[in-house]
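Each chain, written out:
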Amino acid sequence: MESFLSDKWEVKGKNSPEEVLQRWRNLCGVVKNPKRRFRFTANLSKRYEAAEMRKTNQEKLRIAVLVSKAAFQFIQGMQPSDYTVPEGVESAGFQICADELESIVEGHDAKKLNFHGGVLGIASKLASDPSSGIARDRESLQKRREIYGRNKFEESELQSFWIFVWEALQDMTLMILGVCAFVSLIVGIATEGWPKGAHDGLGIVASILLVVFVTATSDYGQSLQFRDLDKEKKKVSVQVTRNGYRKKRSICRLLPGDIVHLSIGDQVPADGLFLSGFSVLIDESSLTGESEPVTINSENPFLLSGTKVQDGSCKMLVTTVGMRTQWGKLMATLSEGGDDETPLQVKLNGVATIIGKIGLFFAVVTFAVLVQKMFLRKWNEGTALKWNGDNAMELLEYFAIAVTIVVVAVPEGLPLAVTLSLAFAMKKMMNDKALVRHLAACETMGSATNICTDKTGTLTTNRMMVVKSCIGMKTRDLSDSSQANEMKTGTPQNLLKTLLESIFNNTGGEVVVDKHGNRSILGTPTETAILEFGLSLGGDFHNARDSCFIVKLEPFNSTKKRMSVVLQVAEDKGLRAHTKGASEIVLAACDKVINEQGEVAPLDEESKNRLNETIDQFSNEALRTLCLAYMDIESSISTEDAIPSSGYTCIGIVGIKDPIRPGVPESVSVCRSAGVTVRMVTGDNINTAKAIARECGILTEGGVSIEGPVFREKSLEELNELIPKIQVMARSSPMDKHTLVKHLRTTFDEVVAVTGDGTNDAPALHEADIGLAMGIAGTEVAKESADVIILDDNFSTIVTVAKWGRSVYVNIQKFVQFQLTVNVVALAVNFYSACMTGNAPLTAVQLLWVNMIMDTLGALALATEPPNDHLMKRSPVGRSRDFINAIMWRNILGQSLFQFVVILMLQSYGKTFFRLHGSSNSDLVLNTIIFNTFVFCQLFNEVNSREMEKVDVLDGIMDNSIFVTVLGSTVFFQIIIIEFLGTFASTTPLTLWQWFMSISIGSLGMPVAVALKKYVLV
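Numbering of residues starts from 1 in every chain and runs along the sequence as written. In keeping with the model being predicted, local features are shown solely for residues with a pLDDT of at least 70 and side-chain atom pairs are shown and tallied solely at 80 or more, while totals for entire chains, interfaces and linings include all residues. Note that the side-chain values use all heavy atoms of the structure and ignore hydrogens as well as water.

Some details on the overall build of the protein
Now for step 1: Check the secondary structure of the protein and you find 38 helices and 26 strands.
Now for step 2: Counting only C-alpha atoms and orienting by the principal axes, one finds that the protein spans roughly 120 × 75 × 50 Å.
Now for step 3: Three exposure classes are used, based on accessible area relative to the maximum for each residue type with a 1.4 Å probe and protein chains only: buried under 20%, partly exposed in between, and exposed over 50%. Relative to its full complement of 1018 residues, the protein shows a buried share of 55%.
Now for step 4: Contacts are assigned to residue pairs that have any heavy atoms within 4.5 Å of one another. The long-range share in the protein, meaning contacts at least 24 apart out of those at least 6 apart in sequence, stands at 74%.
Now for step 5: Considering the protein, the positive charge centre built from 102 side chains and the negative charge centre built from 113 side chains are found 4 Å apart. A run of H or I in DSSP counts as a helix once it spans at least four residues, and a run of E counts as a strand once it spans at least two, with each numbered from the N terminus. By the counting rule applied here, Lys and Arg register as positive and Asp and Glu as negative, while His and the ends of each chain are not counted. Each charge is placed at NZ for Lys, CZ for Arg, CG for Asp and CD for Glu.

Here it is, written out as structure tokens:
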């Protein structure tokens, strides 16, 4: 089947161009209900609208910057513009309104900013303090909300259930059947009177309504699941100082006047103004499409919501929130743009289109044959020119059958089953601590052949603690309380002072005290461990900060692998630089060392070797090592100058323990048995990485561990030979990770999942087939670039995602196998019967019921099977394997042949077998038995479809409550239709013997399935 699909039906798992997305839509020829078919696909018109909005923003900002520059030149000579504070704003205790704030920041209006007293003047007019933020009493916060609004974006209203009912009614075939039902009612009542003449028409109407309501209920449930997931995606927190206390708050709770702390990788949560900070570079591409980063400082203090901090850190005063920001307006449009359709959705749309065309052809031929048989009969009877109401009803019934064949033959449910399965899996994965941001990732993860994972926080617990140190050339085990006390009391005072100065000033963390007097540490786990170490030595964070003034700060990034700061020390008015980072890199920048006596000595070869041995010793014990160093700077340094990179004095080395997460070795073993290769890519020391990798089971005999700088120097031929063997890459840069992922995907055709938490991981997350960002340690930039967010940062959760991905893939295969079987049989039976006997054994109402069993109910039953452990014992499907494979075709054709033969035998010999000859309604009874048997064939085939290869299809069936409920409901309604709705469904009540035989014949599909699996090998 897939061989008939051209490459026009191919889309990427992510980042497909919009012309590719448009192309397959244009190819969909036979679509019964466009509203339903394309509901869960990207809204390209809204995306074009968002792109135009970005262009407009870019132009507006460009003009604003030019005007701002001009304003700075003439600002002194210009008269301040008139501004009157609105009465409502002033009475609330503020001196500036929301419109004025919006025009200042969005318009980059330096003149207005200067008129209002600069950034500090704006803070004052917002009743905010740059240090302590706004007051937290409920009344004042409520006034702020009323005056300035909330930091929430407009969302499209939740569609009511009746909208889904209306959209389900848009199905063209159902509308045609509705017209048929109306005509049938008119003709029937006119010829046979009420109520007898209305039975056929009312039967079709009832069937249409049942199909519509079941379909609408299923679609409405999916929309609620997607809405819940969208809410989860929007949960973002930032560090905020309010009422003098700093803590994490949801961005939805931000108000103008709040003081927000931003660092590398954060997304700016609202429009605002720069208060203080260092080396701030902002990426505005998400808002304007402009890729060049913008420098933010006191001269250009305008920060726009939705932009991202590419480098540096700062404090920001919030000025404008929610839909008043350009980001709010853009997000309102983007949210309507929808998610990209998945490769399987597009592929199955192609399959549905091909089968739809075949079904349409057979429907036309069936109608033509039935009409031709009718004309021949009338010709032979000599009544060719005499027509009555019965003839009109017969012709109408033939047309209804032809239309219903299209209903059954066009597998509209195929692409929708993908959405149903993905929605179900995404909801369940949320419970398993994985938030899926893009639908396709859920599907692609089932094909993953490689996982490139970080070490810290993913394989390890991320609960760090300094357990060993080598300060002043003396090594101590801090887990030993006597050695820890000896360090506190026995370290020379000048060395201890320098160490604490380095720890408390050269950090991205902070020690804060809440309103109850409880102390807590904010920052990354590494920073927290170092600050805990400093506090344990008797240090005082706030005194250390107050005694120095920070002149320049360069935050840690994964390229330099170190963090540096320049301080003006209050005591001697001199400048001092501190640096800390990867031990071998910082040690290489040192030419002096502080010895045991606290004196500065030259770093000779012996001392360097001793320190390198200490680093290796700590690393081999799976400890993360950091080196701390300082240097005094004689000349002054400006904010534009780089902090010196060499000439430092080594203070010491610390070894940080980060234990392996429970369950990680077992999860790695599961991956190996599933044919998924796990590779560790870390910025840590190679010895530490190897020790952890061995403990996790990643580094095996014959596996290669390599450092990033060595990897970078390899030629293309060497890389092609080396990459398949790499199991550990240490001291890697983000571009090393990107290069590894790109080679695995392009050269080796692997399906690659990559974890990342930092800003610089974004290229690798974007390049990978599945980008996995860490929910706890990950930056907002990493999360925005990712397809799945691992909420607990746990490697075992990644394995769970892979299991769910495989489950989705297999579940959709099961449903496709089931539905194509029904398609083939329904087409063959109706076409054969029409050609051979002149009538169809299944009426329009009966075919509608069968369509519902195979479409909505079948999808619910088969597409929602939970994953089992057996899934992770099979090899991954990879990138190029056919979705509808030989095993599925064996099952489809085998079951179709069996069912076709059963229906054929019943048509030919049913009256004899069931002893119906001589009965006044023998045709009606036989057609009821055929219909009943056909339905039970589908039900038993539904059970068979639970396993495509395994013989035991009943294993775990009771664990899937949805499957059991759907199966039970179908049997219940089948009994109702046969026994009580005969006049509407063209059936008659059956005897117990006839029921028993219908079910028994249907159940023969199960031994047929066993025979196919055992003896027809593919």
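A look at the pattern of salt bridges
Now for step 1: We define a salt bridge as a contact between a side-chain nitrogen of Lys or Arg and a carboxyl oxygen of Asp or Glu at a distance within 4 Å. Within the structure shown, the criterion is met by 27 salt bridges.
Now for step 2: By sharing partners, the salt bridges in this structure join Asp 99, Glu 102 and Arg 324 into a single network.

What about the pairing of strand β3 (residues 259-263)?
Now for step 1: For β3, the buried fraction is high: four of the five residues fall into the buried class.
Now for step 2: The pairing of strand β1 (residues 237-242) with β3 spans three bridges and is classified as antiparallel. Its bridge partner lying in β3, Thr 241 is registered against Ile 259.
Now for step 3: Looking at chain direction, β3 and strand β7 (residues 308-320) are connected through five bridges and run antiparallel. Of the residues in β7, the one forming a bridge with Ile 259 is Leu 317. Two strands form a pair only when DSSP identifies at least two bridges running between them.

A few points about helix α23 (residues 605-620)
Since the α-helix turns once every 3.6 residues, residues separated by three or four places project in the same direction.
Now for step 1: Take the residue count of a helix, subtract one, and multiply by 1.5 Å to get its expected span. For α23, spanning 16 residues, the distance from its first C-alpha to its last is 22 Å, which sits close to the expected 22 Å at 1.5 Å a residue.
Now for step 2: Where α23 is concerned, the buried positions are Ser 607, Leu 611, Thr 614, Ile 615, Phe 618 and Ser 619. For α23, the angular spread of buried residues about the axis comes to 130 degrees, placing them on one side. Exposed and facing more than 90 degrees away from the buried side of α23 are Glu 605, Glu 606, Glu 613 and Asn 620. Note that the arc is computed from the directions linking the helix axis to the C-beta atoms.

Focus on helix α33 (residues 886-913)
Now for step 1: Two axes enter the bend calculation: one fitted to the seven residues ending at the residue in question, the other to the seven starting there, and the bend is the angle between them. Its axis deflected by about 55 degrees at Gln 907, α33 carries its strongest bend there.
Now for step 2: Under the rule applied, a polar contact is a pair of N or O atoms within 3.5 Å (in protein, one hydrogen donor and one hydrogen acceptor; residues adjacent in sequence only if both atoms are side-chain atoms). The residue sitting at the N-terminus of α33 and contributing the capping side-chain oxygen is Asn 885; that oxygen lies 3.2 Å from the backbone nitrogen of Ile 887.
Now for step 3: Looking at the residues trailing α33, positive phi occurs at Arg 915, about 55 degrees.

Observations concerning the confidence of the model for the protein
Low pLDDT means the predicted atomic positions in that stretch should not be read closely.
Now for step 1: The pLDDT value tells you how sure the predictor is about a given residue, anywhere from 0 up to 100. The pLDDT averaged across the protein works out to 84; a share of 90% of its residues lies at or above 70.
Now for step 2: The low-confidence segment residues 75-80 (pLDDT under 50) makes six contacts with residues lying over four places distant or belonging to another chain.

Regarding the side chain of His 738
Now for step 1: By the element assignment, His 738 lies in helix α28 (residues 734-746).
Now for step 2: Beyond its immediate chain neighbours, meaning those up to four positions away, His 738 contacts Pro 763, Ala 764 and Glu 767.

Remarks on the sheet that holds strand β21 (residues 677-681)
Now for step 1: Reading across from one edge, β8-β26-β25-β24-β9-β21-β23-β22 is the order of the eight strands in this open sheet, with mixed pairing throughout. In this open sheet, the two edge strands, each paired with only one partner strand, are β8 (434-436) and β22 (704-707). With direction set aside, neighbouring strand axes in the sheet form an average angle of 20 degrees.
Now for step 2: When strand β9 (residues 450-453) meets strand β24 (residues 752-756), the two strands line up parallel, connected through three bridges. When the bridges of β24 are listed, Ile 451 appears paired with Ala 753. Here an axis means a line fitted to C-alpha atoms, over the contact stretch when the element is a helix, while the angle between two N-to-C directions is reported on a 0 to 180 degree scale.

Some details on a nonpolar patch on the surface
Now for step 1: Candidate patch residues must exceed 30% relative accessible area and have no salt bridge, after which like charges are joined if within 9 Å and Val, Leu, Ile, Met, Phe, Trp or Tyr side chains if within 5 Å. With residues, only the protein chains shown are counted as cover, and all accessible areas are computed by Shrake-Rupley using a 1.4 Å probe. On the surface, a cluster of nonpolar side chains totalling about 370 Å² of accessible area is made up of Trp 162, Val 205, Leu 209 and Phe 213.
Now for step 2: The biggest single contributor to the nonpolar patch is helix α11 (residues 199-233), with three residues.
Now for step 3: Under the relative-accessibility criterion, Leu 209 is labelled partly exposed at 41%.

Digging into the packing of aromatic side chains
Now for step 1: Put simply, two rings from Phe, Tyr or Trp (the six-membered ring, in Trp's case) pair if the centres are within 6.5 Å, and we call them stacked under 30 degrees between planes, edge-to-face over 60, tilted for the rest. Within this structure, the stated rule accounts for 15 aromatic pairs.
Now for step 2: Ring plane angle 70 degrees and centroid distance 5.4 Å describe the contact between Phe 161 and Trp 162, whose orientation is recorded as edge-to-face.
Now for step 3: Exposure remark for Phe 161: the relative accessible area of 22% places this residue in the partly exposed category.
Now for step 4: Seen from their ring centres, Tyr 832 and Phe 900 are 5.7 Å apart, and the 80 degrees between their planes marks the pair as edge-to-face. With Tyr 832 in helix α31 (residues 795-837) and Phe 900 in helix α33, this pair connects stretches of sequence that are 68 residues apart.
Now for step 5: Residue classification places Tyr 832 among the partly exposed positions, given a relative accessible area of 31%.
Now for step 6: Only when the NZ of Lys or the CZ of Arg is both within 6 Å of the ring centre and within 35 degrees of the ring normal is a charge said to sit over the ring. Just above the ring of Phe 115 sits the side chain of Lys 125; from NZ or CZ to the centre is 5.7 Å.
Now for step 7: Stacked on the ring of Phe 963, the Lys or Arg Arg 946 has its end atom at 5.6 Å from the ring centre.

Some points on the packing of helix α24 (residues 664-673) against α31
Now for step 1: It is the contact of α24 with α31, at a shortest axis distance of 9 Å, that shows an interaxial angle of 30 degrees. Our classification of the angle between α24 and α31 gives roughly parallel. Seen from above, α24 lies across α31 with left-handed handedness. Contacts from Val 664, Ser 667, Val 668, Val 670 and Cys 671 of α24 reach α31 at Phe 795, Ser 796 and Val 799.
Now for step 2: Classes in brief: Ala, Val, Leu, Ile, Met, Phe, Trp, Tyr, Cys and Pro nonpolar; Asp, Glu, Lys and Arg charged; the others, Gly included, polar. For the contact of α24 with α31, the residue count by class is six nonpolar, two polar and no charged. Orientation categories follow fixed angle ranges, with anything under 35 degrees roughly parallel, anything over 145 roughly antiparallel, 65 to 115 roughly perpendicular, and all other angles oblique. It is the rotation of the near helix from the far one that decides the hand of a crossing: anticlockwise by less than a right angle makes it left-handed, clockwise makes it right-handed.

Structural notes on the pairing of strand β11 (residues 474-477)
Now for step 1: Note: strand β10 (residues 465-471) against β11, four bridges, orientation antiparallel. Among the inter-strand pairings, Ile 471 is bridged to a residue of β11, identified as Lys 474.
Now for step 2: Hairpin geometry of β10 and β11 is characterised by an intervening segment of two residues between the two adjacent antiparallel strands and by a positive phi of about 65 degrees at Gly 472.

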